[in-house]
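Remarks on the overall topology
Each chain is listed here by its residues.
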Amino acid sequence: MTAYALADTRALTGRSLRHILRSPDTVVTTAITPIALMLLFVYVLGGAIDTGSGGSYVDYLLPGILLVTIASGVAYTSYRLFLDLKGGIVERFRSMPIARSSVLWAHVLTSVVANLASVAVVVAVALAMGFRTGASVGAWLAVVGILALFTLALTWLAVIAGLSAKSVDGASAFSYPLIFLPFVSSAFVPTDSMPGPMAWFAEHQPVTSIVDTLRALFAGQPVGGGIWVALGWLVGILVLGHVLAVATYRKRIG
Amino acid sequence: MSTETAIRARGIRKSYGDLEVLRGVDLDVASGSIVALLGSNGAGKTTLVRILSTLLTADEGTATVHGFDVGTAPADVRRSISLTGQFAAVDEMLTGRENLVLVARLRHLRTPGAIADDLLARFSLTDAGPRRAATYSGGMRRRLDIAMSLIGDPPVIFLDEPTTGLDPQARIEVWDAVKDLARGGTTVLLTTQYLDEAEQLADRIAILHRGTIVQHGTLAELKRLLPPTEVVHVEKQPTLEEVFLSLVGPVPHHEESS
Ligand SMILES: Nc1ncnc2c1ncn2[C@@H]1O[C@H](COP(=O)(O)OP(=O)(O)OP(=O)(O)O)[C@@H](O)[C@H]1O
Ligand SMILES: [Mg+2]
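Calculation criteria
- Residues numbered from 1 in each chain as written.
- Chains lettered and ligands numbered in written order.
- Predicted model: local features only at pLDDT ≥ 70, side-chain atom pairs only at ≥ 80, totals over all residues.
- Heavy atoms only, no water.
- Near = heavy atom within 4 Å.
- Polar contact = N/O pair within 3.5 Å; in protein donor to acceptor, adjacent residues only side chain to side chain.
- Areas by Shrake-Rupley, 256 points an atom, 1.4 Å probe, with all protein chains shown as cover.
- Helix = DSSP H or I, 4+ residues; strand = E, 2+ residues; numbered from the N terminus.
- Contact = heavy atoms within 4.5 Å.
- Buried area = accessible area lost by both parts, 1.4 Å probe.
- Salt bridge = Lys/Arg side-chain N within 4 Å of Asp/Glu carboxyl O.
- Patch = residues over 30% accessible without salt bridge, like charges linked within 9 Å, V, L, I, M, F, W, Y side chains within 5 Å.
- Buried < 20%, exposed > 50% of the residue type's maximum accessible area, 1.4 Å probe, protein only.
- Pairing = 2+ DSSP bridges.
- Right-handed = clockwise from strand over helix to strand, strands pointing away.
- pLDDT = per-residue confidence, 0-100.

Remarks on the site of ligand 1
Residue and element names in this part refer to chain B. Close to ligand 1 lie 14 residues; Gly42, Lys45, Thr46, Thr47 and Gln193 are nearest. The side chain of Asn41 places a nitrogen or oxygen atom 3.0 Å from an oxygen atom of ligand 1. The contact in question runs from an oxygen atom of ligand 1 to an N or O atom on the side chain of Lys45, over 2.7 Å. Compared with its free state, where it exposes 630 Å², ligand 1 has 61% of that area covered by protein. For the shell around ligand 1, the secondary structure elements donating two or more residues are β2 (19-30) and α1 (45-52). Top contributing element to the shell around ligand 1 by residue count: α1, with three residues.

Here we look at the interface of chain B and chain A
Taken together, the contacts link 26 residues of chain B with 21 residues of chain A. With both chains or domains summed, chain B and chain A bury close to 2300 Å², and 56% of this area falls on carbon and sulfur atoms. Looking only at chain B, the three residues that lose the most surface to chain A are Arg78, Leu106 and His108 of chain B, adding up to 28% of its buried area. Our enumeration of links across chain B and chain A arrives at five salt bridges.

Notes on a nonpolar patch on the surface
A cluster of nonpolar residues, Leu39, Leu40, Tyr43, Val44 and Leu45 of chain A, forms a patch on the protein surface that exposes about 470 Å² of accessible area. With respect to the secondary-structure elements, Leu39 of chain A resides in helix α2 (residues 25-45).

Quick word on the pairing of strand β7 (residues 156-160) of chain B
Residues and elements named next belong to chain B. Within β7, five of the five residues are buried, which leaves it mostly tucked inside the rest of the structure. Note that strand β6 (residues 81-84) and β7 share four bridges and pair parallel. For Thr84, the partnering residue across the bridge sits in β7 and is Leu159. The pairing of β7 with strand β8 (residues 187-192) spans five bridges and is parallel. Following the sheet pairing, Ile157 is matched in β8 by Val188. Assessed by its sense of winding, the connection that carries the chain from β7 through helix α6 (residues 168-183) to β8 is right-handed.

Looking at the confidence of the model for chain B
In low-pLDDT segments, the atomic positions of the prediction should not be examined closely. Residues and elements named next belong to chain B. Looking at chain B as a whole, its pLDDT mean stands at 86, while 90% of the residues score no less than 70. Note on residues 253-258: pLDDT under 50 across the span, and zero contacts to partners over four residues away in sequence or across chains. Across the interfaces of the predicted complex, the ipTM metric reaches 0.83, alongside a pTM of 0.84.

This is how it looks when you write it as structure tokens:
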């Protein structure tokens with residue numbers, strides 16, 4: 001690649017970050033559904049849910065809510081990429097001597113920033129609702145790191161969707177199953193309350209290991225071996241998503 | 001005009017499925033000249049421009065731009081060209097000035113801000129510079145689009161229907177900008193629907209019809225192709241429009257016309 005790949009990525013990331021700053025509603029909209037879910041679960045359903053953890057339900061719930069936030073937030077990345085492709089600006093970039101990968105990386109980095117901003121909004125609301133954590137600085141850094149990895153992994157999937165979509169709706173529809181996954185995990189209720197096959201699925205899908213790890217970090221407890229399962233999933237999806245996204249980009253754009 | 005060839009295409013073929021759009025296009029554009037590519041809607045002008053600017057791969061044939069092969073040295077071609085596509089490609093969320101600064105940064109130039117201000121002035125966009133491009137009229141957007149293509153002074157510029165949708169004043173501004181470029185030694189290949197534009201601007205005119213370049217020459221040469229007017233008492237030069245129509249036949253406005 002060219003010696004300018006970093007400079008190009010920086011310039012293009014600056015461009016899409018400006019998009020976000022000028023439409024801050026995307027950051028807020030991303031946060032609204034998870035906040036509504038949090039209100040619903042904590043104040044309406046929470047009383048009937050026995051987590052067996054002893055702590056408050058909002059403490060139990062927050063990690064899953066953060067994943068829902070990111071899973072819905074990455075849809076904006078597909079959307080923005082789709083619009084860029086349609087508007088011809090990608091053609092312009094392609095006819096210029098810039099590193100090809102920087103066009104995608106700019107969207108991906110912007111996605112991480114935008115989603116972490118939405119996550120911050122949700123955490124602020126959770127704090128107002130009584131969320132408390134004894135997490136050390138190191139544990140917080142680990143939480144942010146895992147959320148960033150999760151965003152990166154899902155963003156590459158979002159890139160694939162944005163590149164292959166035929167319509168604006170198609171570009172963001174891929175995120176619905178992703179938003180659904182936390183519901184069939186340990187995010188809202190303990191998996192042992194689920195019927196057999198469901199519990200098996202919930203225990204073996206990526207969200208559960210990630211949620212359990214985040215929960216342990218927030219609670220200031222040891223994360224145990226679960227963090228390796230979580231990291232394995234995250235890195236696996238990240239690498240696979242990246243490879244497929246780049247291949248899709250080559251195929252679509254050449 | 002130097003005799004060096006800035007753009008050379010040989011036997012370019014391109015089909016979309018069963019639709020053969022280009023069936024062996026040969027074209028030479030001398031360095032520092034302006035060549036207008038004429039053709040009816042759907043003749044394949046955009047397709048040819050996209051192949052020459054590395055956005056599309058030809059099925060067959062070779063092309064070099066500024067001495068670089070579009071197939072084997074696309075990065076070098078991209079360093080030598082700039083493209084203004086048929087549809088304005090500006091970032092609507094950014095201001096006009098930010099669009100220019102972005103392109104200047106992507107071309108790794110030292111003073112992006114000064115370059116942007118200069119181009120805004122040249123294209124009468126100084127007042128609109130701090131406004132988002134989304135608020136621009138079609139003509140302003142087009143001017144911004146063309147201004148973005150001039151950044152970095154690439155030796156070869158492709159303009160795909162640069163003045164479609166512009167008012168007469170804006171058209172003249174674009175024409176002046178194109179003439180300035182050619183004076184500075186830039187090679188320009190432009191496509192157009194407007195025959196007067198080709199007459200005004202181009203050193204040579206190439207007519208693309210049924211997938212090949214059916215004629216290529218100066219305006220005077222093309223005009224000589226028509227038999228002299230028979231009626232003697234009216235002295236009339238054939239217009240390029242007449243030459244064009246006699247070469248390609250009546251414009252097939254098939255579906256709509258009947
Ligand atoms: N991606 C594509 N897939 C299928 N057909 C295409 C594609 N792009 C162009 N064509 C077809 O190829 C032909 C040439 O298109 P092209 O855009 O090159 O024409 P043009 O000369 O630029 O026309 P216009 O003056 O309308 O801009 C048209 O019939 C068009 O429908
Ligand atoms: Mg065209």
